[in-house]
Amino acid sequence: MKLANTKKVRTGIKKFKEKIHENGHEVIYDPKKFIIIKGARVHNLKSVDINIPKYKLVVFTGVSGSGKSSLVFDTIYAEGQRRYVESLSSYARQFLERMNKPDVDFMSGLAPSMAIEQKTQIKTSRSTVGTTTEIYDYLRLLFARIGRTYSPVSGIEVKKDSPESIIKELTASGNTFPQKIYVMTDAEVSNLSELKLRITDLKSKGFYRIITENEITDLNDIDEKKFLKEYYPDADTEEKKTLRVLADRLMFDPADNESVSRLNDSIELAYRESDGFVIIRQYEGDDFTDLHYNKYFEADGIKFEDPQPRLFSFNNPYGACEKCQGFSRTMDVDMDLVISDKKLSVFGGVINIFNTPKHSKHLTDLITEADDYGLDVHTPYNKLSEENKKFIYEGGKKYIGLKKFFRMIEKEASYKLHYRVLLNRYRAFTTCSECGGARLRKEALYIRINGKTIFDIVKMKISDAYEFFKDIKLNEYETKISERIMEEIVSRLRYLNDVGLTYLTLDRLSNTLSGGESQRINLSTSLGSSLVGSIYVLDEP
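Being a predicted model, the structure only gives us computed values, none of them experimental.

Cut-offs used in this document
Numbers given for residues are sequential positions, taken from 1 along each chain in its written order. Residue-level local features of this predicted model are given only where pLDDT is at least 70; pairs of side-chain atoms are given and counted only at 80 or more, and the full residue set underlies all totals for whole chains, interfaces and linings. In computing side-chain values, all of the structure's heavy atoms are included and hydrogens and water are not. Starting at the N terminus, helices and strands are each numbered in turn, a helix being any DSSP run of H or I of at least four residues and a strand any DSSP run of E of at least two. Within these notes, the globule rule equals 2.2 Å times the number of residues to the 0.38 power, and the radius of gyration is based on C-alpha atoms. Residues count as neighbours in contact if any of their non-hydrogen atoms are within 4.5 Å of one another. What sets the accessible areas is the Shrake-Rupley method with a 1.4 Å probe; for residues, cover comes only from the shown protein chains. Charged residues are defined here as Lys and Arg on the positive side and Asp and Glu on the negative side; His and the ends of the chain fall outside this count. By convention, the point assigned to a charge is CZ for Arg, NZ for Lys, CD for Glu and CG for Asp. In short, DSSP must find at least two bridges between two strands for them to pair. Working convention: axes come from line fits to C-alpha atoms, limited for helices to the stretch in contact. Angles between N-to-C directions cover 0 to 180 degrees. Throughout this description, any angle smaller than 35 degrees is read as roughly parallel, any larger than 145 degrees as roughly antiparallel, any in the 65 to 115 degree range as roughly perpendicular, and the remainder as oblique. We call a crossing left-handed when the near helix sits turned anticlockwise from the far one by less than a right angle, and right-handed when that turn is clockwise. Polar here means any residue outside two lists: the nonpolar Ala, Val, Leu, Ile, Met, Phe, Trp, Tyr, Cys and Pro, and the charged Asp, Glu, Lys and Arg; Gly therefore counts as polar. Buried Ala, Val, Leu, Ile, Met, Phe, Trp, Tyr and Cys residues form a nonpolar core when they are joined through side-chain atoms within 4.5 Å. Only protein chains enter the area calculation, which uses a 1.4 Å probe; residues under 20% of their type maximum are buried, those over 50% are exposed, and those in between are partly exposed. Note on definitions: salt bridges are taken to be side-chain nitrogens of Lys or Arg within 4 Å of carboxyl oxygens of Asp or Glu. We call two N or O atoms a polar contact when they sit within 3.5 Å, provided that within protein one can donate a hydrogen and the other can accept it, with sequence-adjacent residues counted only if both atoms are side-chain atoms. Like-charged residues are merged into a patch within 9 Å and nonpolar side chains (Val, Leu, Ile, Met, Phe, Trp, Tyr) within 5 Å, provided each residue has over 30% relative accessible area and no salt bridge.

K.L.:
How would you sum up the overall build of the protein chain? Please name residues and give values.
P.N.:
Assigned secondary structure in the protein chain consists of 17 helices and 21 strands. Compactness check: the protein chain gives a C-alpha radius of gyration of 36 Å against a globular reference of 24 Å for 541 residues, more than 25% above the reference. For the C-alpha atoms alone, the extent of the protein chain along its principal axes is close to 120 × 80 × 45 Å. If you take every contact in the protein chain between residues at least 6 apart in sequence, the share linking residues at least 24 apart comes to 65%. Counting only carbon and sulfur atoms, one obtains 49% of the accessible surface of the protein chain, whose full area is about 31300 Å². Charged side chains in the protein chain number 83 positive and 80 negative. The centres of these two groups are separated by 11 Å.

Dropping the structure here:
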């Protein structure tokens, strides 16, 4: 941009316009279209007058020391920032540093300015590409809203069973309707006196029928003493037993609104009386099937966490991995130090710690059991299968395994100095063994969207993540809930792709980025905010 060599200058401050005679023609510079600077003297600038067009990419070039940074950063950016801060309330300004006015006679046409420098200013190891661009914040919200929880034991989806979802499942079962259905609950008792109280309580609430040996027993028609003795022959016995209580029985027909309404009310009643558990017995002739439901987030004996944004935050104690505290790395046994030369075989002494006389017996146990687990002790370690390596790490019948061996060493190291010395020889900062580098507690990794956990997504290259979210398949309900969130995620990933950062991953630490990568991330973040009328000042983009 050529600095203006003006012959005549007249400034109309009231109209914020300049009339400048250049080459014999009168030129009007409007502050709505230009940034007007008069008499800039910051650092080595010598009363520079310049008019910079808005809504264009303007490049300042010159030799070192010519005043490029003084004009762009210390004059334009500094004054833009200062004026923006002055527009804030006095309460807000007290929390901000005082900004000095640049040495300049007159400036007009300025907008709030942002400087994007070519350097990495973030030093914390908690900041990642995902958190810097705020994509991770949207991912947390997305998983909390439409994430599906899967049991790590059976792999089935875990859901809370509402009366509506239970009726929907029964309707879709494909059985012949109308169908005989029992709505039941289980009541636990521990001794005879508790059983007596439970029966009295059931009668007072209007529950007179229980299921004994798959037959209905009416509590009004039984000999209570005989019934109690059948349950507890010895009155002093302390043993947990279950009373199956019949809450309702009906002929269920999905086409009959009255039938559907009654079943809904019966399930809600059973939930209230049993603290959230219900059993639906479906009859097909004389045969029946018992279906167990509950209003809790449970499956396979595990109580799962309700998905919420803080569960997916490694900066929050609630969601962070307990072992690594959300840093992804811990001081632990480094297997690369234990097995340093992977070209050696087990017989050739690949496991360094087993080569000492004190611990050589573990190597003997390993070689003795090797055939039983299909391990060739003469094959180099780097050519062994994953199953063979797992056996070396996990152990066998007599062979202790490296995992248990180091646990034993850690126990001994708590009160023996020479064990602490031995342990420190094989310890280093390694990927957390608890979360595998995900930084999150294991409960967060049970939740998936389209088969992917949040850790799977942040491990992807940005180009792959962009394609994943562009082509994601969601049902109508999920689409409606996540529409605005998905729009933000796709938009920000597209900006990162457009500035050439396709090869980065969202879990890449911000303090490991180069100056150019950091600048492009900051630029994509600023552009993604959809601000208009702002000045972006880039240092050697």
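K.L.:
Would you mind going over the sheet that holds strand 9 (residues 157-158) in detail, with residue names and values included?
P.N.:
Backbone hydrogen bonds are what pair the strands of a sheet, in a parallel or an antiparallel way. One open sheet accounts for 3 strands, arranged 9-8-20; its pairing is antiparallel. Two strands bound the open sheet, and with one partner strand each, they are strand 9 and strand 20 (447-448).

K.L.:
With reference to specific residues and values, describe the pairing of strand 13 (residues 241-252).
P.N.:
One ladder, built from 11 bridges, connects strand 10 (residues 179-189) with strand 13; its direction is antiparallel. Paired with Glu-188 across the strands is Thr-242, a residue of strand 13. When strand 11 (residues 209-212) meets strand 13, the two strands line up antiparallel, connected through 2 bridges. Bridge pairing in strand 13 places Ile-211 opposite Arg-244.

K.L.:
An account of the packing of helix 6 (residues 192-204) against helix 7 (residues 224-231) is needed here, citing residue identities and associated values.
P.N.:
Relative to each other, helix 6 and helix 7 sit at 130°, their axes nearing to 10 Å. Considered as vectors, helix 6 and helix 7 are oriented oblique to each other. In this structure, helix 6 meets helix 7 at a crossing whose hand is right-handed. Note on element contacts: helix 7 touches helix 6 through Glu-224, Phe-227, Leu-228 and Tyr-231, opposite Leu-192, Leu-195, Lys-196, Ile-199 and Lys-203. Here the residues of the contact of helix 6 with helix 7 sort into 6 nonpolar, no polar and 3 charged.

K.L.:
Outline the nonpolar core, supporting the account with residue identities and numerical values.
P.N.:
The biggest cluster of nonpolar side chains holds 43 residues, and the ones touching the most others in it are Leu-139, Leu-142, Phe-312, Phe-469, Ile-489, Leu-493 and Leu-506. Elements with a minimum of two residues in this core: helix 4 (135-146), helix 14 (454-459), helix 15 (462-470) and helix 16 (476-498). Top element by residues in this core is helix 4. It accounts for 7 residues. Contact partners of Leu-142, with chain neighbours within four places excluded, come to Gly-147, Ile-449, Phe-469, Ser-482, Ile-485, Met-486 and Ile-489. Judged by nonpolar contacts, the second largest core, of 28 residues, contains Val-350, Tyr-399, Leu-422 and Leu-423.

K.L.:
Which residues make up unusual backbone geometry, and what values go with them?
P.N.:
In this structure, the amide linkage connecting Phe-177 to the following residue, Pro-178, adopts the cis form with an omega of 0°. In the Ramachandran plot, Gln-325 falls in the positive-phi region, its phi being about 60° despite a non-glycine side chain. Checked against the element boundaries, Gln-325 lands in the loop between strand 17 (302-303) and strand 18 (329-333).

K.L.:
For the pattern of salt bridges, give the residues involved together with the corresponding values.
P.N.:
This structure, assessed with the given rule, holds 28 salt bridges. As a salt-bridge pair, Arg-82 and Glu-79 come within 2.8 Å of each other at their nearest N and O atoms. Of this pair, Arg-82 and Glu-79 both sit in helix 1 (residues 68-86), 3 residues apart, roughly one helical turn. Of the two residues, Arg-82 and Glu-79, both sit in the buried class. In this structure, Glu-517 engages Arg-508 in a salt bridge whose closest nitrogen and oxygen atoms are separated by 4.0 Å. Among the residues examined, Glu-517 registers a relative accessible area of 9% and is labelled buried.

K.L.:
So, the side chain of Asp-49: which residues are in play, and what are the values?
P.N.:
By the secondary structure assignment, Asp-49 is in strand 5 (residues 48-53). For Asp-49, the side chain forms a polar contact with the side chain of Lys-38, separated by 3.0 Å. A polar side-chain atom of Asp-49 sits 2.8 Å from the main-chain amide nitrogen of Gly-39.

K.L.:
Describe a nonpolar patch on the surface, with residues and values.
P.N.:
Taken together, the side chains of Tyr-91, Phe-95 and Leu-96 make up a nonpolar region of the molecular surface, amounting to roughly 370 Å² of accessible area. In this structure, Phe-95 sits in the loop between helix 2 (90-93) and strand 6 (106-108).

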